[in-house]
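Survey of secondary and tertiary structure
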Amino acid sequence: MQTASTNICERMGRSQELSEFNRGTVIGCHLCNKSIREISLLLNIPRSTVSGIITKWKQLGTRATQPQSGRPRKMTEQGQRMLKRTVHRSRQLFAESIAKDLQTSCALQISTTTVHRELHGMSFHGRASASKPYITKCNANHWMQWCKARRHW
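Attention here is on the structure that accompanies the text.

Cut-offs applied
- Residues numbered from 1 in each chain as written.
- Predicted model: local features only at pLDDT ≥ 70, side-chain atom pairs only at ≥ 80, totals over all residues.
- Heavy atoms only, no water.
- Core = buried A, V, L, I, M, F, W, Y, C linked by side-chain atoms within 4.5 Å.
- Buried < 20%, exposed > 50% of the residue type's maximum accessible area, 1.4 Å probe, protein only.
- Helix = DSSP H or I, 4+ residues; strand = E, 2+ residues; numbered from the N terminus.
- Contact = heavy atoms within 4.5 Å.
- Disulfide = S-S within 2.5 Å.
- Phe/Tyr/Trp six-rings, centres within 6.5 Å; stacked < 30°, edge-to-face > 60°.
- Patch = residues over 30% accessible without salt bridge, like charges linked within 9 Å, V, L, I, M, F, W, Y side chains within 5 Å.
- Areas by Shrake-Rupley, 256 points an atom, 1.4 Å probe, with all protein chains shown as cover.
- Salt bridge = Lys/Arg side-chain N within 4 Å of Asp/Glu carboxyl O.

1. Looking at the nonpolar core
- Ranked by internal contacts, the top residues of the largest apolar core, which has 14 residues, are Leu83, Ile98, Leu102, Val115 and Leu119.
- Going through the elements one at a time, α5 (77-89), α6 (95-106) and α7 (112-121) are the ones with two or more residues in this core.
- A total of four residues in this core trace back to one element, the largest contributor, which is α6.
- Apart from the residues within four sequence positions on either side, leucine 83 is in contact with Met75, Ile98, Leu102, Val115, Glu118, Leu119 and Met122.
- Of all hydrophobic cores here, the second largest spans 10 residues; its members include Leu18, Ile39, Leu43 and Ile45.

2. Here we look at the environment of isoleucine 110
- Along the chain, isoleucine 110 falls in the loop between α6 and α7.
- Take isoleucine 110: its relative accessible area is 5%, and that puts it in the buried class.
- Put simply, isoleucine 110 and threonine 55 are 55 residues apart on the chain and 40 Å apart in space, counted from C-alpha to C-alpha.
- The residues touching isoleucine 110, leaving out its near neighbours within four places in the chain, are Met75, Ala99, Leu102, Gln103 and Val115.

3. A look at the state of the cysteines
- Applying the stated criterion across every chain, the model contains zero disulfides.
- Left without a disulfide partner, cysteine 138 is nearest to the cysteine sulfur of cysteine 147, which lies 15 Å away.

4. What to know about unusual backbone geometry
- Located in the positive-phi region is asparagine 44, a residue other than glycine, with phi close to 60°.
- Mapped onto the elements of the fold, asparagine 44 is located in the loop between α3 (36-43) and α4 (47-60).
- Despite not being glycine, serine 123 has its phi angle at roughly 70°, a positive value.
- Within the secondary structure, serine 123 is located in the loop between α7 and α8 (137-149).
- Under the relative-accessibility criterion, serine 123 is labelled exposed at 56%.

5. A look at the packing of aromatic side chains
- Tallied over the full model, the rule gives one aromatic pair.
- Judged by centre distance (6.1 Å) and plane angle (70°), the ring pair of tryptophan 146 and tryptophan 153 falls under edge-to-face.

6. Overview of a nonpolar patch on the surface
- A surface patch of nonpolar side chains, about 610 Å² in accessible area, is lined by Ile135, Trp143, Trp146 and Trp153.
- Looking at the secondary structure, you find tryptophan 143 in helix α8.
- Judged by relative accessible area, tryptophan 143 falls into the exposed class, the value being 54%.

Structure, rendered in structure tokens:
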């Protein structure tokens, strides 16, 4: 029988961080004098992850994740809201025209690649609608005759 805490790694990708609760659980187990190996087996978390959490907790006194290095995001929350509003207003626009629109309205120097990435993050994907054939009068009549013939099935 598996509990919710035993399959943490199965739900976690390689690059995802553990939740605050799971980090607290690791620290709690450490304070109860459990070894790193026991904690790892108990919570189904790699030993290196358990060791890293305990080491950071001892050094920094906190279990929260620290800010990591990297380039800051170009798109602010306000820009994301404006992008979402623009797409909802007219769904037929291309990414290039959306980028130009944002450059003029928000004074954001943003590329079409960034627009694509942000739209995918918001679950907007460019897809062509399926072409559906029109029903001709002849076809509609055949359909109606078929339905009337089988009305009392």
